[in-house]
Amino acid sequence: MKSNENSLSERLRYALKILNVTQTELARRINVKPQVIQYLCAGNSQKSKFTFEIAEALNIDFSWLATGKGVTPEKMGAAKHERVIPLLSFNQVKEWKIGGGIAVHLSKVMSWIPINDDISQNAFAIILNDRSKRGAID
């Protein structure tokens, strides 16, 4: 398959195949129903309001996904990572614990970390601010 396929649908199918990501997994990553991704892949779509979110979730070049011009998934090295997990702040974890679980809030995730390990689909990484005092002990 050529890297500059004619439609968004063709490029999306290509990226999913290269990255070994299922349509269901992509839907989970961008917090949409699987039918949205199925529709995008099955048709001959030229654009989508989810293009940016898809590119971010797959760790691929937005320009390539949107237009076919840019860096292909292979050249970005995205194929090395089969999955990603959300990177959350402490406040996001607290909010999500109270607000119905992580799946409810995936659309608010700003950063994702690529992983190679087999890990739970509910896994996440957390940013912790280190406020400990540093210095010599007397």
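Above this note sits the structure.
A quick note: this is a predicted structure, and the numbers were derived from the prediction, not measured. (Residues numbered from 1 in each chain as written. Predicted model: local features only at pLDDT ≥ 70, side-chain atom pairs only at ≥ 80, totals over all residues. Heavy atoms only, no water.)

S.K.: Would you mind going over the packing of helix H1 (residues 8-19) against helix H3 (residues 34-42) with me for this structure?
M.R.: Axes are the key here: two packed helices are described by the angle between their axes and the distance separating the axes. As a packed pair, H1 and H3 sit with axes 7 Å apart at the nearest point and diverge in direction by 115°. With respect to each other, H1 and H3 are oriented roughly perpendicular. Every residue of H3 that contacts H1 at Leu 8, Ser 9, Leu 12, Arg 13 and Leu 16 is listed here: Leu 40, Cys 41 and Ala 42. Looking at the contact of H1 with H3 residue by residue, the class counts come to six nonpolar, one polar and one charged. (Axes fitted to C-alpha atoms, helices over the stretch in contact; angles between N-to-C directions. Helix = DSSP H or I, 4+ residues; strand = E, 2+ residues; numbered from the N terminus. Parallel < 35°, antiparallel > 145°, perpendicular 65-115°, else oblique. Contact = heavy atoms within 4.5 Å. Nonpolar A, V, L, I, M, F, W, Y, C, P; charged D, E, K, R; others polar.)

S.K.: Looking at this structure, I do not really get the packing of helix H2 (residues 23-30) against H3. What am I missing?
M.R.: Running from N to C, H2 and H3 cross one another at 120°; their axes reach a closest spacing of 8 Å. The orientation of H2 with respect to H3, classified from their angle, is oblique. For H2 against H3, the interelement crossing comes out right-handed. From H2, Gln 23, Leu 26, Ala 27 and Ile 30 reach across to H3, where they touch Pro 34, Ile 37, Gln 38 and Cys 41. (Left-handed = near helix turned anticlockwise from the far one by under 90°.)

S.K.: Would you mind going over unusual backbone geometry with me for this structure?
M.R.: Across the chain, the bulk of peptide bonds are trans and the bulk of non-glycine residues have phi less than zero. Even without being glycine, Asn 20 reaches a positive phi, approximately 60°. Examined against the element boundaries, Asn 20 turns out to sit in the loop between H1 and H2. Judged by relative accessible area, Asn 20 falls into the exposed class, the value being 54%. (Buried < 20%, exposed > 50% of the residue type's maximum accessible area, 1.4 Å probe, protein only.)

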